[in-house]
Each structure stands twice: as C-alpha cells, then as structure tokens.
Amino acid sequence: MKEEPCVMLTLSELQGLQSNNGRTSRMQDDIADDGFGFDPLKLISYAIQYRWLILGFVILGISAGLINTWSQTPLYSASARLEIQTPTPRVFEEFEVVSQYDRFSAMENVIIKFESEDIARRIVHELNLGDEDAFIAPKPGFSLMNLVDRAFGAESENSLADWTKEEREAAAVGLVRGGLSVSIIRDSSVIRVSFTHEVPKYTALVANQAMRSYIDYTVDKTSESSDLARQFLNQRVVEAKAKLQNSEKALVNYAKAQNITITGNDASLIVDNIGQLNEALAEAIQERLAADRDLEQANAGKITSLPAVYESETIQTTKQKIAELRAGYEEKRSTLKPDHPEMRKIQAQIRELQRQIKEETATIGATVETRAGLAAQKEESIRRALGELETKQREFQDKNIQYTILKREVDSNRTQYDQLIAQLSEVGIGSELKNTNASIIDYARTPGAPFTPRLERNMLMALVFFGALCAALIYLIELISNKFDTPERVESELKLPVLGTIPENDEETLIKDLENPRSKISENYSSLRSSLRFTGVEQDVKSLLVTSSQPGEGKSTTVYKLAQDFAALGRRVLVIDADLRKPRLHEIYSASEGPGLSNLLSNVIDESQVLDLFQRTKFPGVTFLSAGTPPPNPADLLSSSKMGALLRCCSRYFDLIIIDSPPILDLADAQILSGQVDATMLVVSSKSVTRKSAKAALARLDMAGANVVGAALTCLSMERLSYAYAYRHLTYSHDETVETPPAGTVKHYAPWLERDLQLIRNGFSGAVQYTAQKLTPASETKGNSERPQKRQTRAA
C-alpha cells in the first residue's frame, strides 16, 4: 500500500494564517463601515473624473442664460402703496353673525377686487387708454427675438386703424389686467400695487390710477349698500314692532289665567327658603353622624376615648391629682412600707379619685346617647320641611315654565326692535357720507431702467438647471456602470482590500516597462509586493495563487512581475504555470513551452528529464515551471495528490511559490488549486470584468475554502482617478531595501530537488516520506521559530 507524503503545519504557521484571515476580515469591516455617508473627497474625485462633461453643461447653462436674456423684451415696472382698513361697513356690524373675516381674508378680498374687470375698465376709462396706440401696441424695443422677426419679415405693423372702439377698449382692459399685480406687505395692512409695461410712463400712470379707481369703487359700493340696507331695515322695523305687540299680549293673558305676579318674586322666595333648609340639613347630618360615631364608640366600651372625655375639665383635673398622688407615693416608697398609714391614706385617695372619673365618664356616655337621638330628630324635621318647599317649588315651576318662555320672547322682540331703530338712524347718516376703507401712502414714479430681463437671475437659474441635469446624468452613468473603475468600488462590492493598482499600459512596451524598475508600472507592482508582504505572504505563506474571473485581466503579467520583485529582495521564487489549457507565461519568460507541469503530474517523462523541467530565467532567484503539454484532463491532474505533494516538497527549497491559474469562471482548476495553496490573490481588471462576474468568482473561491488575501486592480485608467489618489497610488516611489541573496544560494539546491522530483515521478512511494524526514530535522515539527535557521543550514 502506497503512502502519500504529508507535511504538517506548525502551530505558528496556523496562527499566522489565522491572523491574516482576521486582518482581512477587519479590513472588510472597515470598508463596510466607510462605504456610507457623505464623502467630499469622493465628490471632488467625481468632479475631476467628469470634468469635461461638467464643463460642457456649464457652457450650455451660460449659453442658455444669455440666449434667454437676449430673447426677452425689456419691461418696466412701477409700484405704489395703499393702506387698507380691514373693518367691514358699520351698517352691517350688528347683523354680521354668520361670517366673520379676519384681517388676512379681508386683504385677500381687496386683491381680488383689484384684479377684477370692473377696476380695469375704470382705469381704462379714466386714463383714456383705449385711444393710446403706444399703450395697446407699443413699438418693439431691442431684443434677439425682435431682431429675428425683422430679419424674416415677421414684424408687426402696429396698425390699429381697423380696430373698433370696443376692440381697442377690450385690448386695453386685457393689458391692464395682465400687467397689474397686487401683493400684501408682510405683517401689515398695506398692499403694494405694481404695473408692468413696455413703455415706462404708463407704469406709474396705471399704478396710481388703480389705487384711485379702487377707492372710488369702494365708495360706490358703500353707498349702494347703505341704500339697500335702509330699505331692508324699514321692512324689518315694521315686522319687529308687530311681533313685540303680540308677544306682550300673550304674556299678560297667561299671567292673569295662572295668578302669577308679573315681577315673579314668589319663585325667588321659595328658592331662597330651599337653599337655607339645604344648608341646615347639611349641618344636621354632620351633627347626627358625629353623635352616631360617639355612640358607637361608647357601646363598644371605649367611652374613655370619646372627645367629650378629653374635653371634660373635671376628668382632666382629677387625672392630674391622681398623677400627683402617685408621684408622692413613689417618692415615699423608698422610706415607708406599703402598710404604713400614710401610704394607705394616699392609696385611698387615689381610689376615690378613680371612682369619680368612672362616674363622670358614665355620665358622659349617657349624654352621648341622648345627643344622638336629638340629632336624628332634628335631621328628620328639616327633611320634612324641605320636602314641603320642594313640592311648592314644583307646582310653581310648572306654571312658570310657560311664563318664562313668553317673557323671554317679549324681551327678545323688544331688544331687536330697539336695535333696528338705532341702526335705521345710523343708515340715514351714513348714506350722506362718502366713507372709504383705503388711503394712499406712496404714489408710483416713472422707472428709469427696465426690471426684466435680469442677466444675473437668468444665468443663475440656467446654471442651477443644467447643474442638476449634469448631476443626474453623472449619477445615472455611475448607476449603470458595471465595471470597477475605482479601488473603492472593488472594496465596497467585493469586500476585499485592494493590495495594489496597476495602470493601463501599451502592450508593445509592456515587457520593457516591467523590466525597467523606474517605470510607473514597475513602481506600482513594487507597491503590490509591499502590500503582500504586510499581509504575511513573505513569512507564513509559502505558496500564492494568482487568479482572475476571466481571461485577459493581467494575472500572468502580475505573476511575472511579482516573481521578479520578490526575487529582488533575495527570495527564491518558483513560478508555476498551472494554466494547462491556455498557458502564456512561457511566452513572457521566452522559455520552452513543454514538457512541464502536466508531464510531471502524468508520469510521461524519464527520470533524467525531471530536473530539466525547472527552467532558469534571466532574473536571479526566479525558477520557472511551464504548463507542459496540454492534457485532456487538466482538472484531474491538478486535483490529484501529486500536485499537493509537489507543492509541499518545492516549498522546502523555495521561499515562495507563485502559481498562475486559469480563470475561475466556467473552470474548476482555480478552485482546486486555491484549496492547496496558502493564499490566493484575485486580479480584477477595471476594463473587462463585470461586477457580477467578479462576485461570482469570489463566491466560488469562498466555496472552495480559499484564503483570499486581497485583490489587485489592473488596467486602471488614470483619467478616472483624482489627482490626489493617482499621486498617492501611482507616482509614489517606495524605498525598498533590496536584500542580496548569498552567493550560491540559488545554484546548489538542484541535487536535493532532483531526488524528490524523481520520487514524485515514481509514484510518491514511502521513500518521499523518508526523504522529507531526512531533509527536515525532527525538531522542526515542534515549532516554526527554528525553520528559517534549519533551511539556511540545509541550503549551505
């Protein structure tokens, strides 16, 4: 039975992997927390990213504001102020019981009257505006639309010769109503009357005449109302007089029939007597209740606790004497015995006084019983008297109800009749007076400059409109964008830390730029290497899988450059091209395509050729294992135990193994390899991969139990990043201390590697375990702290 070699991870290695996972989860939590809220830097980055679009909309806004301003005809406006007294006409003050208007409603009514056609016709008639051609059809001034009309022959002739008088008057009324505006000045009873027209002189004339026409209108309406009110009041006076006479006759007849005095004093006397008896009854009830309580206490044997006992002067004096005798008795006990005559005399006095207290208490108890009976009799007599008065009161009320109704009707009719007489007198005086509820405060003046169009307002409105339109368009673009255009989007969508950002690069000069350590792309890959070192790849992770969601995202280029950068630090790096379907690394390294990994795993090469599979590259410290001949079953080879044994054995002689795997989607190769390596890095292209594809790929890695340490964003367009971000991530040069590997470190591992690879090819027999034990001291399994020292000793 064949045994597979097993490599046990030490406790420190497990802790290192756990710390990496914990650090990654903490970074994800921080990313999730920072993904919400207002971020001004992000808005600035969007502004820089879409600067040309924003500039275009700003130009459109400025152009629209200018065109809107130049296309409008200049208009002039004049304003006057009028004070309104809000009370309604005096003649209706007493009658107005249905609708009461507040100040605001009264001012609204004034505005409605100003906008009425009646006021407009009064203004046209007073100013004779129907005959003013300059008012009805003014000559057009300078504007862009007027220039266009003149250029195309659409200019109005302004001829009013064919218009009738009615048409001219109707046109003038329409212009007055259209140009007149009335508004309330806040927290006051003053209104502002304004008129707008193309000719300056008409603005002041119409505004001032509008106030005078309104005053005349209110005077006329008040006079009409007074005449109508006088006629109405005369009719109401006659009706009220007849009703008053009829109600008085009905009251007198009813009082005679029921023997009721007209003054009604009988009812008041009965009510007063009932009130006095009610008060006496309340006092009697209180006395009876107090006597009952004392009697109940006396019957219970608690006579000594009665208030009368405490209030009795005789009992209290006797108790005081007893206390004095007892005090003297106690004082003499120290010298005299109880049988002494003097002591016996004191005891006899005390007993006599106690007998007197008992007799007095018994007398008080008998008095309590007598007082309780008298209180009950008093209460009963008051109740009988009160019942008799209540009977008389009910008989009187039955008669007084109808009397009160008739008397109330008489009083109401008399009051109404008196009010109508007084108001009729006031109407006679008010109809002769021309009162108004308005007074002019300021007259309008002829304006010297037009108030519209206003360039500043038009420009501001146009810029606000096009700015909002531009913001909505940017938001829509960002909403439908399905790519990872910024590192923040990778972190928010995938919940992975971005270890590095790689800019776009020309394919023709890519290899040349990668080999130039001073190029920008090389500096970005150096930053990616530094990020990987901080995640623990350099210490606890011996194998790193570099994969992507789909082809063409730059994973092979990333593997090539990372191996070069780690080797520059003095690390021994093995690059394995595990893309057995479409290998590409051999083209980048200019190495032989086969045989390689597939041939090694399928046992189709001779033992003498095993060492030749590991090809040296032009970079010191970098060894390359090509994919080999494309096999028919790549997934079966990668999932075999031979692949795991190969990684475990090679990890003893290389500081880091970087594996280039096929894309994750639609293939199982990357999932298989992710479970056999210590860490996995996902390469995400900002130009080709969609968010859905990247999320699906990451989900498949999670299902395989992969330790995804982060992501590398490639093919990033620098124009989409803000200047500060580009400066921070792309042009900053990290000063790395390059560790030069000791001489001979890379050249003398071949004999040991050849022996293990031969054992792998021969079926991974128990000799592999024997060789592993031979190469690894027993103390290595006790801890990871001695492993670097042992490895250096073995290499030497």
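One can find the structure itself at the top, above this paragraph.
As the structure is a prediction and not an experimental result, all values here were calculated from the model.

### As for the overall build of the protein
Working step 1: Scanning the protein from terminus to terminus reveals 29 helices and 12 strands.
Working step 2: Buried positions account for 40% of the 796 residues belonging to the protein.
Working step 3: Nonlocal contacts in the protein, meaning residues at least 24 apart in sequence, comprise 82% of its contacts between residues at least 6 apart.
Working step 4: Surface summary for the protein: the accessible area is close to 44,800 Å², and the carbon and sulfur share equals 54%.

### Some thoughts on the pairing of strand 1 (residues 76-84)
Working step 1: Alternating residues of strand 1 divide into Tyr76, Ala78, Ala80, Leu82 and Ile84, all buried, and Ser77, Ser79, Arg81 and Glu83, none buried.
Working step 2: In this structure, strand 1 lies alongside strand 3 (residues 190-197), joined through eight bridges in antiparallel fashion. Looking at the pairing, Ala80 lines up with Val193 of strand 3.
Working step 3: In terms of strand pairing, strand 1 meets strand 4 (residues 438-442) through four bridges, oriented antiparallel. What sits directly across from Ile84, in strand 4, is Ala438.

### Remarks on the packing of helix 17 (residues 520-534) against helix 18 (residues 555-568)
Working step 1: Where helix 17 contacts helix 18, the axes come no closer than 10 Å and their chain directions differ by 75 degrees. The angle between the axes of helix 17 and helix 18 places the two elements in the roughly perpendicular class. The residues of helix 18 that touch helix 17, namely those facing Ser522, Tyr525, Ser526, Leu528, Arg529, Leu532 and Arg533, are Thr557, Thr558, Lys561, Leu562, Asp565 and Phe566.
Working step 2: Each residue belonging to the contact of helix 17 with helix 18 can be placed in one class, and the counts come to five nonpolar, four polar and four charged.

### Notes on the packing of helix 5 (residues 117-127) against helix 8 (residues 165-179)
Working step 1: Across the interface, helix 5 lies against helix 8 with an axial gap of 9 Å and an inter-helix angle of 115 degrees. Along this stretch, helix 5 crosses helix 8, giving a crossing that reads as right-handed. Here Glu117, Ala120, Arg121, Ile123 and Val124 of helix 5 come into contact with helix 8, specifically with Glu169, Ala172, Val173, Val176 and Arg177.
Working step 2: When its residues are assigned to classes, the contact of helix 5 with helix 8 shows six nonpolar, no polar and four charged.

### Examining the pattern of salt bridges
Working step 1: The final tally for this structure, using the stated rule, is 19 salt bridges.
Working step 2: Note that Arg81 is salt-bridged to Asp442, the shortest N-O span being 2.3 Å. Taken together, the positions of Arg81 in strand 1 and Asp442 in strand 4 put the pair 361 residues apart, joining distant regions of the chain.
Working step 3: Looking at Arg81, the relative accessible area reads 34%, which means it is partly exposed.

### Quick notes on the side chain of Gln564
Working step 1: Within the secondary structure, Gln564 sits in helix 18.
Working step 2: Residue Gln564 is classed as buried on the basis of its relative accessible area of 13%.
Working step 3: Excluding residues that lie within four positions of it along the chain, Gln564 makes contacts with Leu514, Glu515, Phe619 and Val622.

### Structural notes on the pairing of strand 7 (residues 573-577)
Working step 1: Counting buried residues in strand 7 gives five out of five residues, a clear majority hidden from the surface.
Working step 2: Because side chains alternate across strand 7, one face comprises the buried residues Val573, Val575 and Asp577, and the other comprises Leu574 and Ile576, equally buried.
Working step 3: Alignment of strand 7 against strand 9 (residues 622-625), held across four bridges, turns out to be parallel. Bridge pairing in strand 9 links Ile576 to Leu625.
Working step 4: As judged from the five bridges shared by strand 7 and strand 10 (residues 656-660), these two strands associate in the parallel manner.

### Section: the packing of aromatic side chains
Working step 1: Inspection of the entire model under this criterion finds seven aromatic pairs.
Working step 2: Between Phe135 and Phe195, the aromatic rings sit 6.2 Å apart at their centres with planes inclined by 20 degrees, giving stacked as the arrangement. One end of the pair, Phe135, is in helix 6 (residues 133-136); the other, Phe195, is in strand 3, with 60 residues separating them in the sequence. Here Phe135 matches Phe195 in class, with each residue buried.
Working step 3: By way of ring pairs, the aromatic residues Tyr560, Tyr589, Phe619 and Phe624 are connected into one cluster.

What counts, and where the lines are drawn
- Residues numbered from 1 in each chain as written.
- Predicted model: local features only at pLDDT ≥ 70, side-chain atom pairs only at ≥ 80, totals over all residues.
- Heavy atoms only, no water.
- Helix = DSSP H or I, 4+ residues; strand = E, 2+ residues; numbered from the N terminus.
- Buried < 20%, exposed > 50% of the residue type's maximum accessible area, 1.4 Å probe, protein only.
- Contact = heavy atoms within 4.5 Å.
- Areas by Shrake-Rupley, 256 points an atom, 1.4 Å probe, with all protein chains shown as cover.
- Pairing = 2+ DSSP bridges.
- Axes fitted to C-alpha atoms, helices over the stretch in contact; angles between N-to-C directions.
- Parallel < 35°, antiparallel > 145°, perpendicular 65-115°, else oblique.
- Nonpolar A, V, L, I, M, F, W, Y, C, P; charged D, E, K, R; others polar.
- Left-handed = near helix turned anticlockwise from the far one by under 90°.
- Salt bridge = Lys/Arg side-chain N within 4 Å of Asp/Glu carboxyl O.
- Phe/Tyr/Trp six-rings, centres within 6.5 Å; stacked < 30°, edge-to-face > 60°.

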